[in-house]
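# Architecture and fold: a report
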Amino acid sequence: MRHDGTVNNDENPVAGPSAPRDNSRLYPRVTSFRFRRGSLTKGQQHNWETLWPTLGRDLRTGPDAADEPPLNTADWFGRDAPLVIEVGSGTGISTAAMAEAEPDVDVVAVEVYQPGLAQLVGLVHRGGLENVRMVRGDATVVFSELVASDSLTGVRVFFPDPWPKTRHHKRRFLQSGTIELIADRLKPGGVLHIATDHADYALWIAELLATQRPDRPHVVPLTFDSPILLERPTTKFEGRAQVEGRDVNEFVYVKPFEHTGKPFEQTGTSDRDQEDPS
């Protein structure tokens, strides 16, 4: 399973850049991703050396690392456009395909697996895609330090590592704190799109979304046309899940345009809302 990002269990998950946190940005002590070793092919190594300095950014690491400077996407992409962050882009097949289909949207893919990022660099280069950039490191740091509140048009979390053992559930990226952090960073009307092929994780996600605090940043089911593309290409990973009989459950939620402080009602949901994951 592919994924990036640490679990956010802070009492105040939407705290600003000055909030204390683990400084080891790339491989934090408790992670929601498994470290996978892998070497680059000769072509990938060439792409990494020549293209990564322009297309990618490594989060600072080490105990003395300072807070990360915020993303300046206007400079990085050379334009102002709707911004989507994809958490755990893996080998980048979906990232590149959706970016090609949506050239007016800028995408920042966050991943820790260097060979996967190297493959995405190659896809971006060969496809002439100008709307994809990459960050190597912990997604929670990206949301906490690099991204401002009310700034994202979309967040994609496709097939995060389910950490199926109960004792490992704390490692799951999607926690109440992470959902709240993402909701804070989304613009009103911005979309959180989640997909998982793990039935227990789908139930976990459904419970998190159903029990959000209405007095804190939160998301509600999408009931209008999405501002970003929702159709995903079927990757080898998803194809294997289908062959093995695992259903893919999707959750498409949106940050409310107006926060009333009252619990939201999950009525009038669109046909893209999640189905019963049981």
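Preceding this paragraph is the structure being described.
Bear in mind that the values here come from a model prediction, so they are computed numbers and not experimental data. (Residues numbered from 1 in each chain as written. Predicted model: local features only at pLDDT ≥ 70, side-chain atom pairs only at ≥ 80, totals over all residues. Heavy atoms only, no water.)

## Some points on the pairing of strand E6 (residues 186-196)
- The element E6 is largely enclosed, with a buried count of 9 among its 11 residues.
- Direction of pairing for strand E5 (residues 152-158) relative to E6: parallel, over a ladder of 6 bridges. Residue pairing in the sheet places Val 157 in a bridge with Ile 194 of E6.
- For the crossover that starts at E5, traverses helix H6 (residues 176-185) and ends in the parallel E6, the hand is right-handed.
- Relative to strand E8 (residues 249-254), E6 runs antiparallel, the two being bridged by 6 bridges. Directly across from Ile 194, in E8, lies its bridge partner Phe 251. (Buried < 20%, exposed > 50% of the residue type's maximum accessible area, 1.4 Å probe, protein only. Helix = DSSP H or I, 4+ residues; strand = E, 2+ residues; numbered from the N terminus. Pairing = 2+ DSSP bridges. Right-handed = clockwise from strand over helix to strand, strands pointing away.)

## With respect to helix H1 (residues 42-55)
- Helix length check: H1 (14 residues) gives 19 Å between terminal C-alpha atoms against 20 Å at 1.5 Å per residue, within 8%.
- At Glu 49, H1 is deflected by roughly 40°, the largest bend along its length, and proline Pro 53 occurs up to four residues later in sequence.
- Summarising the contacts, the buried residues of H1 are in contact with strand E1 (56-58), helix H2 (73-77), helix H4 (114-127) and strand E4 (132-136). (Expected span 1.5 Å × (residues − 1). Bend = angle between axes of the 7 residues up to and from the residue. Contact = heavy atoms within 4.5 Å.)

## Describing the packing of aromatic side chains
- Considering all chains together, one arrives at 3 aromatic pairs under this definition.
- Their ring planes at 10° and their centres at 4.1 Å tell us that Trp 48 and Trp 52 sit as a pair that is stacked. Remark: Trp 52 and Trp 48 occur in helix H1; sequence separation between them is 4 residues, near one turn of the helix. A single burial state applies to Trp 48 and to Trp 52, both of which are buried.
- Of note, Arg 171 hangs over the ring of Trp 163, and the distance from its end group to the ring centre comes to 5.4 Å.
- Over the aromatic face of Tyr 201 sits the side chain of Arg 172, whose NZ or CZ is 4.6 Å from the ring centroid. (Phe/Tyr/Trp six-rings, centres within 6.5 Å; stacked < 30°, edge-to-face > 60°. Lys NZ or Arg CZ within 6 Å of the ring centre and 35° of its normal.)

## Describing the sheet that holds strand E7 (residues 220-221)
- Taking strand neighbours across the sheet as the criterion, the 8 strands line up as E1-E4-E3-E2-E5-E6-E8-E7 in an open arrangement whose pairing is mixed. Because the sheet does not close on itself, it has two edges, and the strands there are E1 and E7.
- Pairing of strand E3 (residues 106-111) with E4, which is carried by 5 bridges, proceeds in the parallel orientation. From the neighbouring strand, Ala 109 faces E4, where its bridge partner is Met 134.
- The strands touched by helix H3 (residues 93-101) are strand E2 (83-87), E3, E4 and E5; relative to E3, the strand with the most contacts, the crossing angle is about 175°.
- Across the sheet, helix H5 (residues 139-146) lies against E1, E2, E3, E4 and E5, angled at about 150° from E2, the strand it touches most. (Axes fitted to C-alpha atoms, helices over the stretch in contact; angles between N-to-C directions.)

## Description of H5
- Across the 8 residues of H5, 8 count as buried, placing the element largely inside the fold.
- In this structure Asp 138 caps H5, since a side-chain oxygen of it lies 3.0 Å from the backbone nitrogen of Thr 140. (Polar contact = N/O pair within 3.5 Å; in protein donor to acceptor, adjacent residues only side chain to side chain.)

## Considerations on the packing of H3 against H4
- Where H3 contacts H4, the two axes come as close as 9 Å, and the packing angle between them is 25°. The pairing of H3 with H4 is recorded here as roughly parallel in orientation. Helix-helix and strand crossings are classified by hand; for H3 and H4 the assignment is right-handed. Taken together, the residues of H4 that come into contact with H3 (itself represented by Ile 93, Thr 95 and Ala 96) are Gln 119, Leu 120 and Leu 123. (Parallel < 35°, antiparallel > 145°, perpendicular 65-115°, else oblique. Left-handed = near helix turned anticlockwise from the far one by under 90°.)

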